[in-house]
Amino acid sequence: MTERSTDSPAALAARWRADLERWAIPAEIAANAPVNPWGHAVDRFARRTDASLARPGGPTFERVLAALPEGGTLLDVGAGTGAAGLPAAKDRRARLIAVDENAGMLARLGELSPEAVTIEGRWPDIADKVPVADVAMCAHVVFNVPDLAEFFAALTAHARRRVVVELPEEHPTSWAAPLWAHFHGVTRPVTPTARDAVDLAAAMGHDVDEETYPAPDDLFESVEELAGSACRRLCLDPARAAEVADAALVLGVWPLPPRRWTTMSWEVC
Ligand SMILES: C[S@@+](CC[C@H](N)C(=O)[O-])C[C@H]1O[C@@H](n2cnc3c(N)ncnc32)[C@H](O)[C@@H]1O
């Protein structure tokens with residue numbers, strides 16, 4: 001087992017926040033962004049949900065299922081279109097409570113699962129309006145969360161049995177670092193990582209069980225799809241997608257190397 005940090009929760013939370021702040025897009029570049037560079041394409045996440053419903057499985061699914069009673073309740077924070085929570089909720093005929101700040105994601109989730117309860121808002125700001133569930137989970141959200149200690153505390157307070165968190169080992173846009181250097185001369189950070197999130201949860205007093213494994217799917221289906229996403233992330237005009245695709249091939253960004261994910265969980269007593 002990897003050794004855990006002995007730093008205090010306050011120090012680890014402050015480091016997480018400071019590391020994430022260094023991912024901010026320089027103001028002069030963001031000023032020219034044609035669209036929100038941090039936005040998500042609903043269609044891409046809906047595809048991910050279709051795939052996970054067709055082939056449910058993996059460490060997150062198994063850990064949620066093991067603690068979720070038949071007919072119970074599952075809270076999925078940053079649910080998107082439901083890729084992480086919906087398969088387990090369906091398997092256990094559980095009620096899915098899906099929280100997300102993106103109304104478009106929740107609308108698509110509502111089409112896929114009309115019985116799901118959807119609550120729009122930012123976690124933990126809206127936690128008071130959200131019921132407690134048997135299991136609270138979140139997948140691929142925490143790299144968007146500066147105040148991670150408060151985020152984890154609210155998840156724990158909303159779970160009767162277990163908290164399950166899935167995240168990539170590295171920042172989800174790390175793949176674009178060579179493109180940032182090429183198009184903007186900007187060096188992207190390499191921290192925080194999943195290890196920092198695990199260390200923080202452990203320092204908060206949770207007995208964290210963690211597992212790291214190969215990601216089950218590819219981030220993009222083609223270099224064209226990667227280029228479209230890169231234009232958004234790098235604040236470039238979408239008309240430059242072909243140029244970005246060429247650069248991705250030359251710089252070795254495409255094909256993307258295999259990614260790894262971490263699933264961490266802790267019991268709530
Ligand atoms: C990368 S997507 C992941 C969606 C889904 N969990 C999955 O695994 O496919 C992240 C989602 O979290 C939402 N999100 C990010 N930070 C949030 C927060 N603090 N509160 C609520 N939703 C958040 C975004 O709107 C987005 O839909």
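Conventions we followed
- Residues numbered from 1 in each chain as written.
- Predicted model: local features only at pLDDT ≥ 70, side-chain atom pairs only at ≥ 80, totals over all residues.
- Helix = DSSP H or I, 4+ residues; strand = E, 2+ residues; numbered from the N terminus.
- Rg over C-alpha atoms; globule rule 2.2 N^0.38 Å.
- Buried ≥ 20, exposed ≤ 12 C-beta atoms within 10 Å, placed from the backbone.
- Contact = placed C-beta atoms within 7 Å.
- Core = buried A, V, L, I, M, F, W, Y, C linked by C-beta atoms within 7 Å.
- Axes fitted to C-alpha atoms, helices over the stretch in contact; angles between N-to-C directions.
- Parallel < 35°, antiparallel > 145°, perpendicular 65-115°, else oblique.
- Left-handed = near helix turned anticlockwise from the far one by under 90°.
- Nonpolar A, V, L, I, M, F, W, Y, C, P; charged D, E, K, R; others polar.
- Arc of directions from axis to C-beta.
- Near = placed C-beta within 6 Å.
- Pairing = 2+ DSSP bridges.
- Right-handed = clockwise from strand over helix to strand, strands pointing away.

Visitor: How should I be thinking about the overall build of the protein in this particular structure?
Guide: What the protein contains, in helices and strands, is 11 helices and seven strands. For 269 residues, the compact-globule formula gives about 18 Å, and the C-alpha radius of gyration of the protein, at 18 Å, lands near that figure. Taken over the C-alpha atoms alone, the protein extends approximately 50 × 45 × 35 Å along its principal axes. Counting every position in the protein, which comprises 269 residues, the buried fraction comes to 39%. Sequence-distant contacts in the protein: of pairs separated by 6 or more residues, those separated by 24 or more amount to 72%.

Visitor: Explain the nonpolar core to me, please; I cannot follow it from the model alone.
Guide: In a soluble, globular protein the nonpolar side chains are often hidden away together inside. One finds L74, V135, M137 and V142 to be the most contacted residues of the largest nonpolar core, which totals 60 residues. Excluding residues within four positions of it along the chain, V135 makes contact with V64, A67, L68, L74, A159, R161, R162 and V164. By size, the runner-up hydrophobic cluster in this structure holds 15 residues, among which are A176, L179, C235 and A248.

Visitor: Is there a simple way to think about helix α9 (residues 194-203) in this case?
Guide: It helps to recall that an α-helix has 3.6 residues per turn; residues three or four apart then point in one direction. For α9, the buried fraction is high: seven of the 10 residues fall into the buried class. All of the buried residues in α9 are A194, A197, V198, D199, L200, A201 and A203.

Visitor: Looking at this structure, how should I read the packing of helix α10 (residues 223-233) against helix α11 (residues 241-250)?
Guide: A pair of packed helices can be characterised by two numbers: the angle between their axes and the separation between those axes. At a minimum axis separation of 8 Å, α10 and α11 run at an interaxial angle of 110 degrees. Relative to α11, the element α10 is oriented roughly perpendicular. As α10 packs across α11, the resulting crossing turns out to be right-handed. The residues of α11 that touch α10, namely those facing V223, E224, L226, A227, G228, A230 and C231, are A241, V244, A245, A248 and L249. For the contact of α10 with α11, a count of residues per class yields 10 nonpolar, one polar and one charged.

Visitor: I tried to follow helix α6 (residues 103-112) on my own but got confused; where do I start?
Guide: When α6 is considered as a whole, its buried residues turn out to be M105, L106 and L109. Seen end-on, α6 carries its buried residues on one side only, within an arc spanning 95 degrees. Exposed and oriented more than 90 degrees from the buried face of α6 are A103 and E111. On its buried side, α6 packs onto α3 (42-54), β2 (95-100) and β3 (117-120).

Visitor: Just to check I follow, could you spell out the packing of α3 against α6 for this structure?
Guide: It is at 10 Å that the axes of α3 and α6 come closest, and there the two elements cross at 35 degrees. The way α3 lies across α6 gives a crossing that is right-handed. Contacts between α3 and α6 involve V42, F45, A46 and T49 from the first element and G104, M105, R108 and L112 from the second. When grouped by side-chain class, the residues that make up the contact of α3 with α6 number five nonpolar, two polar and one charged.

Visitor: Help me understand the site of the ligand in this model?
Guide: Around the ligand sit 21 residues, and of these G78, G80, A83, N102 and A139 come closest. Counting residues per element, the ones that place at least two in the shell around the ligand are α3 and β2.

Visitor: Could you clarify how one ought to interpret the sheet that holds strand β5 (residues 159-168) in this entry?
Guide: Strand pairing in a sheet relies on backbone hydrogen bonds. The paired strands run either parallel or antiparallel. What the seven strands build is an open sheet, ordered β3-β2-β1-β4-β5-β7-β6; its pairing is mixed. Both edges of this open sheet fall to β3 and β6 (209-214), since each of them pairs with a single strand only. Going from strand to strand, the sheet's axes swing by 15 degrees on average, the running direction of each strand aside. In terms of strand pairing, strand β1 (residues 73-77) meets strand β4 (residues 133-139) through four bridges, oriented parallel. Across the sheet, the residue bridging to L74 is V135, located in β4. Contacting β1, β4, β5, β6 and β7 (260-267), helix α4 (residues 59-67) runs over the sheet at an angle of about 180 degrees to β5. Against the sheet, helix α7 (residues 148-157) makes contact with β1, β4 and β5, and its axis sits at roughly 140 degrees relative to β5, the strand it touches most.

Visitor: Would you explain the pairing of β2 in this entry?
Guide: Residues in a regular strand project their side chains so that they alternate between the two faces of the sheet. Counting buried positions over the six residues of β2 gives five, a clear majority of the element. As defined by bridge partners, β1 adjoins β2 across five bridges and the pair is classed as parallel. From the neighbouring strand, T73 faces β2, where its bridge partner is R95. Crossover handedness for the path β1 to helix α5 (residues 86-91) to β2: right-handed. Where β2 lies against β3, four bridges are found, and the strand directions are parallel. From the neighbouring strand, I97 faces β3, where its bridge partner is V117. In this fold, β2 hands off to α6, which returns the chain to β3; that crossover is right-handed.

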